[in-house]
Amino acid sequence: MSDTELKCPACAEPIANGDTFCEACGAELQAPEPSAVSPDDTAPIPRTTKIVAVCAYCGGSILDDGFCGTCGRKARSPRDHWSELPVPWVGGVCDKGVVHTANEDAMALSATPGGSLAVLVVCDGVTSAPHSDRAALAASRAACGHLTAVVAPPSESVAAAVSYWSDALLAATSEANAAAVGVAHTLGDPAEPPACTFVAAVVAGDLITVAWCGDSRAYWLPDSGDARQLTLDHSLGTEMIAAGTAAREAELEPGFHTITRWLGADSVDHSPEIASQSIEGPGWLLVCSDGLWNYASALTEMMTLLTDLSASSASDPVPLAEAMVDWANAAGGHDNITVALARCDPSLRLERERTTRG
């Protein structure tokens, strides 16, 4: 049976071989056995998804019937909250937040065990366009799959590496847009097609390269030295600030979050912007949706947040991502929240590479 013939047993919508949950209804699907991890950095990079069968309301265990054995409430859909941990130094959490009834965010992560290459993709579905959750998930997986298949170049100059990964990210953005458009085609090309924002980051050795379209963000937050917001939102808010409106004042305007670029069938410009960052010391790469940065929009606020929360989670990306999601939910959770993290440490990376290669 081909992937196109597979159907969700709960809603009969198409699913792909290896999916852990249905993009349409969120029903959990049987997960495949994890792929063997190859130490060869040019080999396909495996992805792992962890669905925790714990009640989100009381912490009790979810029974086979889908209800909590302690409080009796129905379990959240796996689409509402999930984490990914392809390797110990890369992980993320995607959560629907408190206010929204569905999670329209999505992420896709991959990494090599040696620590020399990682891919982090986050997409945020446009709430006003129906089925944007499907577009976001399809786009994030398409971009991650494309970047995962790219063969890392031999050691070259920084300029050559930036050019190489910029080209790869341009192609990945096109693949992501095609995936979002493909979702519209499966829905009969509605007048208001599903759409999403897009941000993808590649960690290759001591270089981070980022591409984005919309207002999902990427940050470099080092243990010491200057933090940097690697992306600049494609939004009316950015245009207001550029025209002279103070940031805090602009954030109060109703159109602040109106995006000016996005992926999807009705996008007039899905071309990404690209930025790069050298890794000169240990730090965190953070890729997130606006469900997080809404509550810490200034760079200093985001740096303080990560510093405070990382004190209790050491260098473990998923516990730290969970803590950041919990913090955003406690602040109001008015939007879906996605937090993807890579712990970048040149000295540890070199040690991991030596260990992996024997």
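Residues numbered from 1 in each chain as written. Predicted model: local features only at pLDDT ≥ 70, side-chain atom pairs only at ≥ 80, totals over all residues. Heavy atoms only, no water.

## Some thoughts on the pairing of strand β2 (residues 81-87)
Extensive coverage of β2 is indicated by the burial of 6 of its 7 residues. Pairing of β2 with strand β3 (residues 90-95), which is carried by 5 bridges, proceeds in the antiparallel orientation. When the sheet's bridge partners are listed, V87 is paired in β3 with V90. Where β2 hands over to β3, the hairpin turn is made up of 2 residues, counted between the paired strands. (Buried < 20%, exposed > 50% of the residue type's maximum accessible area, 1.4 Å probe, protein only. Helix = DSSP H or I, 4+ residues; strand = E, 2+ residues; numbered from the N terminus. Pairing = 2+ DSSP bridges.)

## A word on the environment of A250
Examined against the element boundaries, A250 turns out to sit in helix α4 (residues 247-250). Residue class for A250 comes out buried when judged on its relative accessible area of 0%. Residues A250 and E239, spaced 11 residues apart in sequence, show a C-alpha to C-alpha distance of 9.5 Å. Not counting the four nearest positions on each side in its chain, A250 is found in contact with M240, I241, T245 and F256. (Contact = heavy atoms within 4.5 Å.)

## Quick notes on the packing of aromatic side chains
Enumeration over the complete set of coordinates arrives at 2 aromatic pairs. Residues Y164 and W165 carry aromatic rings whose centres are separated by 5.3 Å and whose planes lie at 85 degrees to one another, so their mutual orientation is edge-to-face. The class of Y164 is partly exposed, set by a relative accessible area of 30%. (Phe/Tyr/Trp six-rings, centres within 6.5 Å; stacked < 30°, edge-to-face > 60°.)

Keep in mind these numbers describe shape, not what the thing actually does.
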